[in-house]
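Letter by letter, the chains look like this.
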Amino acid sequence: MKPLRALAVPTLGAALLGLPLVSMAQETDPDSGLIKAEGWQVTKANCTVCHSAKLVTQNSGSRNHWESLIRWMQETQGLWEFQPEMENAILDYLAENYGPKEDSRRPALPRALMPDNPYPTVADSS
């Protein structure tokens with residue numbers, strides 16, 4: 001009986017550790033790939049009129065970053081103005097579900113660690 005107990009306790013512990021991971025899994029819309037969370041439908045309805053949802057899902061940024069992208073699209077790409085409530089719902093959704101990623105890219109190397117550029121630059125022709 002003791003060998004069975006010795007095996008059961010670690011197995012149960014491992015199973016319990018896996019539970020939070022399962023409950024934290026986010027459901028995605030099979031059509032767009034967007035995370036199903038508050039605001040996803042209004043985001044899908046407005047963002048996928050002009051471009052694929054993949055443009056959203058492969059990017060990330062702070063609320064200010066997403067807002068600056070919206071402003072850029074409004075100024076240069078013909079995106080309409082949103083009602084404040086709708087814009088806030090979209091920005092809240094994007095910032096919460098596609099916020100900054102801390103582990104997605106290494107920081108830039110300091111210039112002192114970069115090799116010399118063997119190609120002529122605009123600064124060289126002045």
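Before any of the text, the structure's been laid out above.
Since this is a predicted model, take the numbers as computed values, not measurements.

J.: Give me the packing of aromatic side chains: which residues, what numbers.
T.: Describing an aromatic ring pair means giving the distance of the ring centres and the angle of the ring planes. Counted under the stated rule, the structure contains 2 aromatic pairs. Judged by centre distance (6.3 Å) and plane angle (80 degrees), the ring pair of Trp 80 and Phe 82 falls under edge-to-face. Among the residues examined, Trp 80 registers a relative accessible area of 35% and is labelled partly exposed.

J.: Give a detailed account of helix α4 (residues 63-76), specifying residues and quantitative values.
T.: Relative to the 20 Å expected for 14 residues at 1.5 Å per residue, α4 spans 20 Å between its end C-alpha atoms, a close match to the ideal helical length. Of all the residues in α4, the buried ones are Trp 66, Ile 70 and Gln 74. Each buried residue of α4 sits inside an arc of 80 degrees when the element is viewed along its axis, so together they form one side. Facing away from the buried side of α4, by more than 90 degrees, are the exposed residues Asn 64 and Glu 75. On its buried face, α4 sits against α3 (54-57) and α5 (84-97). Looking one or two places after α4, you find Gly 78, whose phi comes out positive at around 80 degrees.

J.: How would you summarise the packing of α4 against α5 if you had to cite specific residues and measurements?
T.: The interhelical angle for the contact between α4 and α5, taken along N-to-C directions, is 130 degrees, at an axis separation of 9 Å. Judged by the inter-axis angle, α4 sits oblique to α5. Considering how the two elements wind past one another, α4 and α5 form a crossing that is right-handed. Note on element contacts: α5 touches α4 through Glu 87, Asn 88, Ile 90, Leu 91, Asp 92, Leu 94 and Ala 95, opposite Arg 63, Trp 66, Glu 67, Ile 70, Arg 71 and Gln 74. Considered class by class, the residues forming the contact of α4 with α5 number 6 nonpolar, 2 polar and 5 charged.

About the thresholds
Residues numbered from 1 in each chain as written. Predicted model: local features only at pLDDT ≥ 70, side-chain atom pairs only at ≥ 80, totals over all residues. Heavy atoms only, no water. Phe/Tyr/Trp six-rings, centres within 6.5 Å; stacked < 30°, edge-to-face > 60°. Buried < 20%, exposed > 50% of the residue type's maximum accessible area, 1.4 Å probe, protein only. Helix = DSSP H or I, 4+ residues; strand = E, 2+ residues; numbered from the N terminus. Expected span 1.5 Å × (residues − 1). Arc of directions from axis to C-beta. Contact = heavy atoms within 4.5 Å. Axes fitted to C-alpha atoms, helices over the stretch in contact; angles between N-to-C directions. Parallel < 35°, antiparallel > 145°, perpendicular 65-115°, else oblique. Left-handed = near helix turned anticlockwise from the far one by under 90°. Nonpolar A, V, L, I, M, F, W, Y, C, P; charged D, E, K, R; others polar.

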